[in-house]
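The lines below spell out each chain.
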Amino acid sequence: GRFKTENKELNLKLRQINSEYRKIDSENKILARELKKLKDSQDRTDYLNSQNRVLTDELGQARSERDSLTREAAILRDTVAELKNKFYQFEKDIVSQEQLLIQSKAQTGLRAEEVLQLQESLSALTKEKSGLQDVLKEKEGELFKKSGHIKDLDQEILTLQSELAKQSQRAQILHSENEQLKTELKNFQTSYKNLSAVLEDLSNTNTQLQNKISALSRVFEDKEVADLKNEKSVVDLGSMKVIDSEPEIALSSLIYQLRKSMDNATEQEKQEYLKKEAVLHYNLGVYYLRNDRFKDALDEFFKSYQLTPDDPDTLYNIGLIYRYYIYDYDKAKDYLQRYLKLRPKSEDRKKAEAIIKEMSK
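In this report, we go over the structure that sits alongside the text. Quick caveat, the model's predicted, so the values are computed rather than measured.

1. Considerations on the nonpolar core
Consideration 1: Ranked by internal contacts, the top residues of the largest apolar core, which has 36 residues, are Leu289, Phe301, Ile318 and Ile321.
Consideration 2: Counting only elements with at least two residues in this core, the list comes to α3 (247–261), α4 (267–290), α5 (294–307), α6 (312–326), α7 (329–342) and α8 (349–359).

2. Concerning the side chain of threonine 45
Consideration 1: Within the element layout of this structure, threonine 45 appears in helix α1 (residues 2–106).
Consideration 2: What threonine 45 contacts, discounting residues up to four positions off in sequence, is Leu174 and Asn178.

3. Things to note about the packing of aromatic side chains
Consideration 1: A complete count under the given rule lists eight aromatic pairs for this structure.
Consideration 2: Here tyrosine 282 and phenylalanine 301 contribute two aromatic rings whose centre-to-centre distance is 5.5 Å and whose plane-to-plane angle is 65°, an arrangement assigned as edge-to-face. Taken as a pair, tyrosine 282 in helix α4 and phenylalanine 301 in helix α5 lie far apart in primary sequence, 19 residues in all. Of the two residues, tyrosine 282 and phenylalanine 301, neither departs from the other in class, the shared state being buried.
Consideration 3: Ring plane angle 70° and centroid distance 6.1 Å describe the contact between phenylalanine 302 and tyrosine 335, whose orientation is recorded as edge-to-face.

4. With respect to α7
Consideration 1: Between the first and last C-alpha of α7 there are 20 Å, a value that for 14 residues agrees with the 20 Å anticipated at 1.5 Å per step.
Consideration 2: Where α7 is concerned, the buried positions are Ala332, Lys333, Tyr335, Leu336, Tyr339 and Leu340.
Consideration 3: Contact partners of the buried residues in α7: α5, α6 and α8.

5. What to know about α6
Consideration 1: Across its 15 residues, α6 extends 20 Å between first and last C-alpha, which sits within 8% of the 21 Å expected from 1.5 Å per residue.
Consideration 2: Counting buried positions along α6 yields 14 of 15 residues, so the element is predominantly enclosed.
Consideration 3: Phi for tyrosine 327, located one or two positions after α6, is positive at around 60°.

6. Some thoughts on the environment of serine 68
Consideration 1: Here serine 68 shows up in helix α1.
Consideration 2: Residues serine 68 and isoleucine 150 lie 82 residues apart in sequence; the distance between their C-alpha atoms is 9.6 Å.

7. Focus on the environment of leucine 69
Consideration 1: Looking at the element boundaries, leucine 69 is found in helix α1.
Consideration 2: Taking relative accessible area as the criterion, leucine 69 reaches 8% and is therefore assigned buried.
Consideration 3: Along the chain, leucine 69 and lysine 146 lie 77 residues apart, while their C-alpha atoms are 6.6 Å from each other.
Consideration 4: Not counting residues within four places of it along the chain, the set of residues in contact with leucine 69 comprises Lys146, His149, Ile150 and Leu153.

8. Digging into unusual backbone geometry
Consideration 1: One non-glycine residue, aspartate 292, adopts positive backbone phi at about 60°.
Consideration 2: Within the element layout of this structure, aspartate 292 appears in the loop between α4 and α5.
Consideration 3: Despite not being glycine, tyrosine 327 has its phi angle at roughly 60°, a positive value.
Consideration 4: Inspection of the secondary structure assignment puts tyrosine 327 in the loop between α6 and α7.
Consideration 5: Residue class for tyrosine 327 comes out buried when judged on its relative accessible area of 16%.

9. Quick notes on the environment of leucine 298
Consideration 1: Along the polypeptide, leucine 298 turns up in helix α5.
Consideration 2: The exposure class of leucine 298 is buried, given its relative accessible area of 10%.
Consideration 3: Taking the C-alpha atoms as reference points, leucine 298 and isoleucine 318, 20 residues apart in sequence, are found 6.5 Å from one another.
Consideration 4: In this structure leucine 298 touches Ile318, Ile321, Tyr322 and Ile326, once residues within four positions along its chain are discounted.

10. Remarks on the packing of α7 against α8
Consideration 1: Relative orientation of the contacting elements α7 and α8 amounts to 155°, with a least axis distance of 10 Å. Considered as vectors, α7 and α8 are oriented roughly antiparallel to each other. Once α7 is placed against α8, the crossing between them reads as left-handed. Where α7 abuts α8, its residues Tyr329, Ala332, Lys333, Leu336, Gln337, Tyr339 and Leu340 lie against Arg349, Ala352, Glu353, Ile355, Ile356 and Met359.

11. Some thoughts on the packing of α4 against α6
Consideration 1: Packing of α4 against α6 brings their axes to within 11 Å, and their N-to-C directions diverge by 25°. In this view, α4 runs roughly parallel relative to α6, as classed from their interaxial angle. As α4 packs across α6, the resulting crossing turns out to be left-handed. Seen from α4, the contacting residues are Tyr282, Val286 and Leu289; seen from α6, they are Asp313, Thr314, Asn317, Ile321 and Tyr325.
Consideration 2: Looking at the contact of α4 with α6 residue by residue, the class counts come to five nonpolar, two polar and one charged.

Rules used in this analysis
- Residues numbered from 1 in each chain as written.
- Predicted model: local features only at pLDDT ≥ 70, side-chain atom pairs only at ≥ 80, totals over all residues.
- Heavy atoms only, no water.
- Core = buried A, V, L, I, M, F, W, Y, C linked by side-chain atoms within 4.5 Å.
- Buried < 20%, exposed > 50% of the residue type's maximum accessible area, 1.4 Å probe, protein only.
- Helix = DSSP H or I, 4+ residues; strand = E, 2+ residues; numbered from the N terminus.
- Contact = heavy atoms within 4.5 Å.
- Phe/Tyr/Trp six-rings, centres within 6.5 Å; stacked < 30°, edge-to-face > 60°.
- Expected span 1.5 Å × (residues − 1).
- Axes fitted to C-alpha atoms, helices over the stretch in contact; angles between N-to-C directions.
- Parallel < 35°, antiparallel > 145°, perpendicular 65-115°, else oblique.
- Left-handed = near helix turned anticlockwise from the far one by under 90°.
- Nonpolar A, V, L, I, M, F, W, Y, C, P; charged D, E, K, R; others polar.

Right, dumping it as structure tokens:
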């Protein structure tokens, strides 16, 4: 009996270790997702930083070009102003020459050669004036184009500054996100180290338990757990149909049909339905227990117990679960003693008493 108990306890520990292992594996998957998320965020940050550098270079080039054009425009303005002054001076000289010519013609003593020279000088001045007008128009046209280009560059600089500000804001947001992810990653890495240590301990413990179980198996012959009380038959189900499927689905379906039937039933009919439902819960508990689903089995036996608390078979099976699967000896003894009170002359009396005595050692 002692070896059997120890074997059951070791099996329970193994199940707990497997549960811890699944938990650690889940934590590892979460950590991997967080690492990928951090890498993606860092890639986006690197991309934005490269875009910021490109925009900064373009902005610098635009400013340099604007400064160059501004200097050229200033030179053109000075040139235009100088040409205008020169043009005005030529106009004054022409007027002066014209007046001199008129005066010369009025003087009777003036020679014809002097008059001819004055006319040629006036013609040259007029021609040079026309050339200056053409140059002045050309320079004013260049100045207008330069001024327009400067305005375009100013607008482009504003656009680049706005885009740079947006990119900087995005980069700042990503930087904050990266810092948060780094903090989370650091915490996950710490947890991962702790979980890895726990996993290693669990692995070692698991190996030790496996070895111990193997050794125990060689020491004693495995004996069956005390026989369960078998299923109970449910008679007279009326119009209710049993689904041609596995027992779990079939029994659950019958329980559902019973509960629906109670909606319009009389009080006496309800009592009969409750008894039948208790039997169905009991049978479902037997099915679960035979398939090593002892927690589900215990739930179903308790549902049956709540409906029929004086059923000895239900008490017996609950006692066995507490003894062989949950290892709560106090509750196991309590339910088995209730069973013996309800069925003192049972053929299983000696088995129940032997289990109680074993747990009392």
